Each structure stands twice: as structure tokens, then as C-alpha cells.
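For reference, the chains in residue letters:
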Amino acid sequence: MGLPSWIDTIRRELIVAPIRDDPRTLDPYEDPLGVPTRIVFNDVLGGGQAEFDEAWHGPRGKLSGADRALLYGLLILKGHLQELTAAFDMLTDRAEIWDPVVLDLGCGPGTGGLALANALGRDAQFTYVGVDRAASMAELGERLMQAAQTLGWMTSVERFWLRDTGELNWREPISWRPVIIIASYLLASPTVDARALVNGAMEQVRKIGRGDVAVLYTNSVRLEVNHQLPRFRDCLIEDHGFELIDDNEGRISTGGGQNERRLRYALFFRQAGRTLED
Amino acid sequence: MRLPSWTEITGGPREVLETPLDQSLLVAGPPGSGKTALAIRRAHMVADTGQRVLMITFNRMLRRAIGLLEGTRALEVETMHAHVGRDFTRRTGALIPAPPNRGYDWIWGEALAMLDGHPEAGPSHDHLIVDEAQDLPSEFFRYARLHLAPVVSVFADENQAITRQSSTLQQIRRAGALPPAIMLVDNHRNTPEIVAVANHFHAGRLPTLRVRRPGGDRPRLVHHSDLGQTCAMIARWFTTTGGSIGVVVERNSTGWQLHRSLRARVDGRVDMYDSKHPNEGRIELFTPGITILNHRSIKGQEFDTLFVLELEQFLPCSAAVQRQIMYMICSRPRDYLFMVSVPSALSAAALAVLPGPDVLERV
Ligand SMILES: C[S@@+](CC[C@H](N)C(=O)[O-])C[C@H]1O[C@@H](n2cnc3c(N)ncnc32)[C@H](O)[C@@H]1O
């Protein structure tokens, strides 16, 4: 399965086209913004875990934070979007998740919000909270979502972009709204501590309410990037009363024929009201 | 990658229906979340396996409503006081201990201790189902577990408690040795406008109602200088709008006066429920018409339209229990809610605790 067409459209318009049209680029897939792809992937993007707000000084010139976010969008984003749209399609299959609050941890350019919007439908109402320490990522995410709106998608989605979950200033009274927490390719980052991450997110969940909470973890299958998953899992289960629904390796098809991606994923769930009594 | 769908993992109604019939259960949910309907379904499922199932309700009107809802299946439905009073006497040959002149305020500790001397009579049923459990004293759940049935399914809303003897979810859970509560979180009964009024009186730790219906009319506060005007308004409403209409009055004298004048004006069913002369067995709650009742007996009921009179009994909500009563009353009507001050206008203090005109229109 490729990308949903509306997501593909905004990605082309806001990421692929600007890179292609940039004077530094000769061929967008050989040397985007003037840097050979292999170097982009390893050094500019650090495999996805770079300091995306800092300028990057390479042999052939300087890249701004915004440039680095764009390159992330070109080389890495698509696969993550495919995984998360597949995951949310399954999760919302013939089910209604009504007016959820989404906490997308290490959100990059709003990857989880775009994927969930696709699964919930054009007019779906939800609150999206994208948390990322890189402002360049959030800025790109906001532009993608604005473009989505001009296509008639995400028009009923309230958006917040934060550097840290602690910045969330939740003003609604506590409610039964379901919460969906996404941690997609975040836990490989050396700057993240799994327990602190979970505790920080759950502190906000307590302010939001007492509704159902689901946590979706995705990452590559490489062993070393998942080394924090056991701590992440234990903290959710032992300290916050979650149950493990699934923790597995899997694959998704990414288009015709044999094309597929492998990934590591886990899903956790806590029933509404469960914090009250246990 | 294979993930279950949200409906497969979330609890609520599905989890209630899927809990094995030989397991005890605690279900908590706000008004209008479908607790009573689920309680009846569970009772039927248990009865279909040939087990002895007993449904316990808080008041006689709810017992009547359940009797009507479940139709010809002839479930055994009883109020807690009627059933336990008789059960205790059957087991011990004595009356359940109560302080002089405090008929229903039983001395549970003493009663439970007396039963220790009569271990021979085992449980009377296989499965007990309790609705509106928050209004029952927590000791009842201990009594139920030890003497009435090995399996107990309990449906409750701790924000709706209206009696001094009421129990919190934790107390019920502890006394009945029940598993953690399954929450039902969505209100399917009331319009958002009615929910806004109910939520104004919401107190407690649980979030307010999450409403799932499209918008309707804004509830209203009306003033009448005499009961005749109120009667005319209700009669007119019945003629033009119809459906089921509830009228909440606290004084039986007011209730009977209304009953008389409505009977004279209305071509249709007009009933008054008076707990002193229980007549609920004759009230056809679910046929269109007007039912006059007090706050205790409206518990667990729903109507298309509700008129609430004698508000000064609950306002200005100086006690927490009055807030809870207002919350419970305001969440009864599906479509229309009228609060009526008659014959004297509400005091400034009472008006001050009502929601503003943007939520409760003044006319
Ligand atoms: C590989 S990207 C994943 C982005 C997005 N979740 C996706 O799947 O497309 C990792 C993101 O985590 C962010 N990040 C890394 N450490 C973080 C931290 N401690 N707090 C918040 N965000 C962090 C990075 O800025 C980067 O945008």
C-alpha cells in the first residue's frame, strides 16, 4: 500500500518540490540540497536522530534546521507514514474512536497526526498534540497540516506543537476523551529516557481525563534501536496499569509486488477509569 | 503487522457482555450510559443458562420499569429492602435489627453478626444483579456476597448517589469483593443542552457526561404564580408534543392536586406515584402520558420531557447531596427540560446556583 493520495500530494508539494527546485539540488534523490544521499542519511539526519534545529556544515555548504527537516521528509518520513497509516487503519477498522486526544511523542513533522487523520476520516474531530524538541520539525508539520486543510482534510483538528510534554497547558476540564499516545522511531534517540518519557506523558494524561488510553510504539527491527522498549513496556504496565495487547515484529506492504517494510511494534491499552481504583 | 480494532480492545458495553456469567462484575457509568439495559441483558443471559437470578433495584419505580422493559421473561426483580428484609427473617426467624422508628436504616453490623449463627441456609440464588447500586449501603454488598449469591453483578454511578446511606465505588468494591470497575463513558440519552445543565451540578472525581446526541432545545426556567398555570402548560405540552412526560414534585399534596387537574384537562394517561400507597404496578411508564413522581422514585427512569417543580427543596444546594439530586434529576429527560418555580419565585441564593441563562433560558 502506498501513501494515501492526499498525504502524497502534500508531501510532494511541501517537501519533494521545494527540494527539487532548490538551486543546490542537481538530482533530488542523488544529492538533495547539494549533499549526497548517503551523507544526508547518516550525517545530516543521523538516521533520524539528529539535532534537527542546528545548522549542518558539510563539505559543500551549510544546511539550516528547516533544510534538515525537509530532508527528513524526503528520505525517512514516507516509510513511517506508511507504517502508521497501516496501523491506524487496523485500529480504527469498523470502530469509532470519538474525539480523541493524540499525544505524538517525538512527532517529527506530525507523522502520527497525518496517519490518524487518514484513518479517522476527512472530517474527524480530534486534538493533536505534537511533541518534538526540534522546532524545525514542528514547523514543517504545521505547514503539512495547513496544506491538508486546503484539501479538506483535518479541518476539525485542533493542533498544539510543544517541545516537551510538560509544556502542555491543558485547559479543558477532565473528561472521558480517549487518548492515543504515539512513539514512532523516538526511542532509539540517545536523548530519550523511556521511563521519563512515559511518566511525563502520563502526567498530562491525568490532566486530560479518565478515558481509554492506547499507546502505539513503532521502530525499525534493528535490535539496538529497541533496547529501551523493555523499560518503556515495564513502566507502562507496572507503574501505569496498562495491559500489553501486542509486542511483535511485522511487515507492511508498501506498494505492488514484493515491496514491504519490516518493523517492530507494540500496542498497550488501559481501560477508561482504570486508574481510579487500582 | 496485525493490530486489533479499537472496539476489540476497549471495554464498555462489550466487556460487560463478554464477562463470563460465573464471574462477578462491577460496572460504573454516568446517567444515560445504558447501565440498566446492560443489567437486564446480563440477567437474561444468566437466566437462559437455567440459573436462579435475582435483580435488585433501589426503588419500586425502577423495579416497575425493569419489569416493563424485560416484558414476558418474568425475571425476579425486587427492591433491596423488600428482599433483604424477607431473606433475613427466613434465615433467622427474627426481624432485621433497626433503631426504633428508623424503618430502613438497618443496623447492618448486628444483622451480619446474627447471620453467623445461621450458616445452614446457603445462598438463595446463583447470581445477583444490582442496579443503581450507589444508593444502597455498602454493607448490603457484603450481605449479598455472603448470603444471597456467589456471583454478584453490580451497576453503579457514584455521582448519582442521593441518599445518606449511599456508597462509593470503592466501598462497593471492597464490601462485595468485586473486580475493578468497567467504565461506560458515553451518554446516549440526553441532548447536549440538557447535559450542560446536568453537568453544572456535577461533583466528584469522575469526569462529566460525554454526550453523543445532536443538539436540541435549551432547557428553560419558568415562573408561574399558581399551580393552575403550571398545569395548563403541562397539558398544552402533552397535547402538542406528546411522548412520555415526567413531573417531579416533592410534596404528595402538590402531586395529587396536579394529578386531579391534569386528569380533567388531558386526554391520555396521567399517573401519580405515591410511595405511601404504592401503585407502580398500574403505571404504564412506557406508553405516552404524564407520570408525576418525586426525586427518589425518578431514580433510574427516563422521559422525553421533564418538568421539575418545588426546586426550593434542592436549591441552593447547600449540601453536596442536593447537588447530586439536581444532577440526577436533570439527566432524566431525553429531549426537553423545564424547571418551574411556583407559586413563589426562587430566592436570590437559589437562582445563584442555577446555570446562567446561556445554559438555562429564563422565560
Ligand atoms: C526518527 S524521528 C521520528 C519522527 C516521527 N515520530 C516519525 O515517525 O516520523 C525522531 C524525532 O524525535 C525527536 N526527538 C528526539 N529526542 C527527543 C526528545 N528527547 N524529546 C522530544 N523529541 C525528541 C527528534 O527531533 C525527531 O524529530
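Thresholds applied
Residues numbered from 1 in each chain as written. Chains lettered and ligands numbered in written order. Predicted model: local features only at pLDDT ≥ 70, side-chain atom pairs only at ≥ 80, totals over all residues. Heavy atoms only, no water. Buried < 20%, exposed > 50% of the residue type's maximum accessible area, 1.4 Å probe, protein only. Helix = DSSP H or I, 4+ residues; strand = E, 2+ residues; numbered from the N terminus. Contact = heavy atoms within 4.5 Å. Domains from an automatic or database assignment. Buried area = accessible area lost by both parts, 1.4 Å probe. Salt bridge = Lys/Arg side-chain N within 4 Å of Asp/Glu carboxyl O. Phe/Tyr/Trp six-rings, centres within 6.5 Å; stacked < 30°, edge-to-face > 60°. Pairing = 2+ DSSP bridges. Axes fitted to C-alpha atoms, helices over the stretch in contact; angles between N-to-C directions.

(A) Here's a closer look at helix α7 (residues 138-148) of chain B. Among the residues of α7(B), B:S138, B:F140, B:F141, B:Y143, B:A144, B:H147 and B:L148 are the ones counted as buried. As for α7(B), its buried residues are in contact with β2 (53-57), α5 (80-92), α6 (108-116), β4 (127-130), β5 (151-156) and α8 (169-176) of chain B.

(B) Just unusual backbone geometry, in detail. Going from B:L315 to B:P316, the amide bond is cis rather than trans, its omega being 5°. Relative to the helices and strands, B:P316 resides in the loop between β13 (303-308) and α13 (320-330). Cis geometry marks the peptide bond from B:V342 to B:P343, where omega comes out at -5°. Residue position: B:P343 is located in the loop between β14 (333-341) and α14 (348-353). For A:M154, which is not a glycine, the phi torsion comes out positive at approximately 60°. The residue A:M154 is located in the loop between α6 (135-150) and β5 (157-162) in this model. The exposure class of A:M154 is buried, given its relative accessible area of 1%. Positive phi values are uncommon outside glycine, yet A:Y185 reaches one of about 55°. Inspection of the secondary structure assignment puts A:Y185 in the loop between β6 (179-184) and α7 (194-208).

(C) Up close: the domain arrangement of chain B. All names here are of chain B. As assigned here, chain B comprises domain 1 (6-187) and domain 2 (192-362). Of the residues lining the interface, 27 residues belong to domain 1; the matching set on domain 2 comes to 34 residues. Both sides together, the interface formed by domain 1 and domain 2 hides about 2,700 Å², and carbon and sulfur atoms give 55% of it. Counting across the domain 1 and domain 2 interface gives five salt bridges.

(D) Spotlight on the packing of aromatic side chains. Residues and elements named next belong to chain A. Per the stated rule, a full pass over the model turns up 13 aromatic pairs over all chains. Centroid distance Y128 to W161: 5.4 Å. Interplanar angle 65°. Geometry classified as edge-to-face. One end of the pair, Y128, is in strand β4 (residues 126-131); the other, W161, is in strand β5, and 33 residues separate them in sequence. In this structure Y128 comes out as buried when scored by relative accessible area, which is 0%. A relative accessible area of 22% means that W161 is categorised as partly exposed.

(E) View of the sheet that holds strand β3 (residues 76-79) of chain B. Residue and element names in this part refer to chain B. Read across the open sheet, the six strands follow the order β3-β2-β4-β5-β1-β6; overall the sheet is parallel. A single partner strand is all that each edge strand has here, and the edge strands are β3 and β6 (182-183). Of the strand pairs in this sheet, strand β1 (residues 25-28) and β5 are connected by four bridges, and their pairing is parallel. Residue L25 lies in a different strand from β5, and its bridge partner there is S153. Against the sheet, helix α4 (residues 60-69) makes contact with β2 and β3, and its axis sits at roughly 165° relative to β3, the strand it touches most. Contacts from α7 reach β2, β4 and β5, with the element oriented near 160° to β4.

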